[in-house]
Amino acid sequence: DGGITQSPKYLFRKEGQNVTLSCEQNLNHDAMYWYRQDPGQGLRLIYYSQIVNDFQKGDIAEGYSVSREKKESFPLTVTSAQKNPTAFYLCASSMPRTGGTDTQYFGPGTRLTVL
Amino acid sequence: AQSVTQLDSHVSVSEGTPVLLRCNYSSSYSPSLFWYVQHPNKGLQLLLKYTSAATLVKGINGFEAEFKKSETSFHLTKPSAHMSDAAEYFCVVSSRASKIIFGSGTRLSIRP
């Protein structure tokens, strides 16, 4: 089955620790995205990558880092610099089309809680 | 610039009655518009999308939406609500020249 997987489903972190959230896709999509979702709010873009070895900051990149060494993988690291990391994190991918807009497909999400 | 506004944060309907979730948008360019559904602790699932073809778009699970340029609206409807429709719904706008923007979401509750 083609799709996007995220792991772990639930993650607990102590203050001051870095944690890495995994996102893998086998849809052969070029673009991948990370969003943060807080209760009662829409999704906010953290980072995105249009192609391997390249990525750009989104609206709320501070305290986060990413890498894109492989087309299939786009891990997100939540660093200790992120002051309020407790949230639901969603990964998405898309195949951008020249001259058109793309449809994003989402993974099941990771819920991060800071203890 | 573009933006999207979901006019209701919470909608409650009885099972078997129609559903209407309202969405207004603004965009400097011809937009693409999407509706996604999110069940608790799950990712977002695409319900339907409008990309400048037919203005009435049919999606999965009996949902449909109509693009009205004059009203800058893209409301989501379903003739008869089912208990399994209870979820959060997001309206999304995107255009060639701009990034994707998510609405703040509408929580749909279904009364037995």
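Residues numbered from 1 in each chain as written. Chains lettered and ligands numbered in written order. Predicted model: local features only at pLDDT ≥ 70, side-chain atom pairs only at ≥ 80, totals over all residues. Heavy atoms only, no water.

**Student:** Which parts of the structure should I look at to understand the overall build of chain B?
**Tutor:** When its secondary structure is counted, chain B shows 0 helices and 12 strands. Listing each helix as α and each strand as β along chain B from the N terminus yields β-β-β-β-β-β-β-β-β-β-β-β. The C-alpha atoms of chain B give a radius of gyration of 13 Å, which matches the 13 Å a tight globule of 112 residues would have. With respect to the principal axes defined by its C-alpha atoms, chain B has extents near 45 × 30 × 20 Å. Across the 112 residues that make up chain B, the buried fraction comes to 45%. The contacts of chain B with a sequence gap of at least 6 include a subset with a gap of at least 24, amounting to 56%. As presented, chain B carries roughly 5,400 Å² of accessible surface, and 51% of it is formed by carbon and sulfur atoms. On chain B, the mean spot of the 11 positive side-chain charges and the mean spot of the 7 negative ones are 7 Å from each other. (Helix = DSSP H or I, 4+ residues; strand = E, 2+ residues; numbered from the N terminus. Rg over C-alpha atoms; globule rule 2.2 N^0.38 Å. Buried < 20%, exposed > 50% of the residue type's maximum accessible area, 1.4 Å probe, protein only. Contact = heavy atoms within 4.5 Å. Areas by Shrake-Rupley, 256 points an atom, 1.4 Å probe, with all protein chains shown as cover. Lys, Arg positive; Asp, Glu negative; His and termini not counted. Charge placed at Lys NZ, Arg CZ, Asp CG, Glu CD.)

**Student:** How should the layout of surface pockets be read in this particular structure?
**Tutor:** Empty space among the atoms becomes apparent when a probe as large as a water molecule is rolled across them. Its volume calculated, the largest pocket comes out at about 340 Å³. Looking at the largest pocket, it is lined by 19 residues, and the ones nearest its centre are Gln37 of chain A together with Gln38, Pro40, Asn41 and Glu88 of chain B. With 3 residues, strand E10 (residues 87–95) of chain B is the single largest residue contributor to the lining of the largest pocket. Here the residues of the lining of the largest pocket are counted per class, giving 7 nonpolar, 7 polar and 5 charged. (1 Å grid on protein atoms, 1.4 Å probe; cavity = no way out; pocket = protein on both sides within 12 Å on 5 of 7 lines; lining within 4 Å. Points joined across faces, edges and corners; volume = space filled by probe spheres on them. Nonpolar A, V, L, I, M, F, W, Y, C, P; charged D, E, K, R; others polar.)

**Student:** Help me understand a nonpolar patch on the surface in this model?
**Tutor:** There is a patch of nonpolar side chains on the surface, built from Tyr10, Phe12 and Leu115 of chain A and spanning about 370 Å² of accessible area. Considering the arrangement of structural elements, one finds Tyr10 of chain A in strand E2 (residues 10–13). (Patch = residues over 30% accessible without salt bridge, like charges linked within 9 Å, V, L, I, M, F, W, Y side chains within 5 Å. Salt bridge = Lys/Arg side-chain N within 4 Å of Asp/Glu carboxyl O.)

**Student:** What's the story with the interface of chain B and chain A in this structure? I'm lost.
**Tutor:** Many descriptions give the size of an interface as the accessible area lost when the pieces come together. In this assembly, 19 residues from chain B lie in contact with 21 residues from chain A. Between chain B and chain A, the buried area comes to about 1,600 Å², and carbon and sulfur atoms account for 51% of it. Taken together, the links from chain B to chain A amount to 0 salt bridges. The interface formed by chain B and chain A contains 6 residue pairs in polar contact (both at pLDDT 80 or more). (Buried area = accessible area lost by both parts, 1.4 Å probe. Polar contact = N/O pair within 3.5 Å; in protein donor to acceptor, adjacent residues only side chain to side chain.)

**Student:** Quick question: what am I supposed to make of the sheet that holds strand E1 (residues 4–7) of chain A here?
**Tutor:** Backbone hydrogen bonds hold the strands of a sheet together, and the pairing may be parallel or antiparallel. All names here are of chain A. The strand order across the open sheet formed by 4 strands is E1-E3-E8-E7, and the pairing between neighbours is antiparallel. Strands at the two margins of the open sheet, each flanked by one partner only, are E1 and strand E7 (64–66). The mean inter-strand angle of the sheet, taken between neighbouring strand axes irrespective of direction, is 20°. For E7 and strand E8 (residues 76–78), the ladder comprises 3 bridges, and the chain directions are antiparallel. Bridge pairing in E8 links Tyr64 to Val78. (Pairing = 2+ DSSP bridges. Axes fitted to C-alpha atoms, helices over the stretch in contact; angles between N-to-C directions.)

**Student:** How should the packing of aromatic side chains be read in this particular structure?
**Tutor:** The relation between two aromatic rings is expressed through the spacing of the ring centres and the mutual angle of the planes. Residues and elements named next belong to chain A. If you walk through the whole model with that rule in mind, you get 14 aromatic pairs over all chains. Here the aromatic rings of Tyr33 and Tyr35 are separated by 6.4 Å at their centres, their planes lie at 25°, and the arrangement is stacked. An angle of 80° between the planes, with centres 5.9 Å apart, marks the rings of Tyr47 and Phe55 as edge-to-face. With a relative accessible area of 7%, Tyr47 lands in the buried category. It is Arg68 that lies over the ring of Phe74; its NZ or CZ is 6.0 Å from the centre. (Phe/Tyr/Trp six-rings, centres within 6.5 Å; stacked < 30°, edge-to-face > 60°. Lys NZ or Arg CZ within 6 Å of the ring centre and 35° of its normal.)

**Student:** Looking at this structure, how should I read the nonpolar core?
**Tutor:** One finds Trp35, Leu48, Phe74, Leu76 and Tyr89 of chain B to be the most contacted residues of the largest nonpolar core, which totals 26 residues. Broken down by element, this core gets its largest block of residues, 4 residues, from E10 of chain B. In this structure, Leu76 of chain B is in contact with Val19, Leu20, Leu21, Trp35, Leu47, Leu48, Phe63, Glu64, Ala65 and Tyr89 of chain B, ignoring residues within four places of it in sequence. Judged by nonpolar contacts, the second largest core, of 20 residues, contains Leu11, Cys23, Ala61 and Leu112 of chain A. (Core = buried A, V, L, I, M, F, W, Y, C linked by side-chain atoms within 4.5 Å.)

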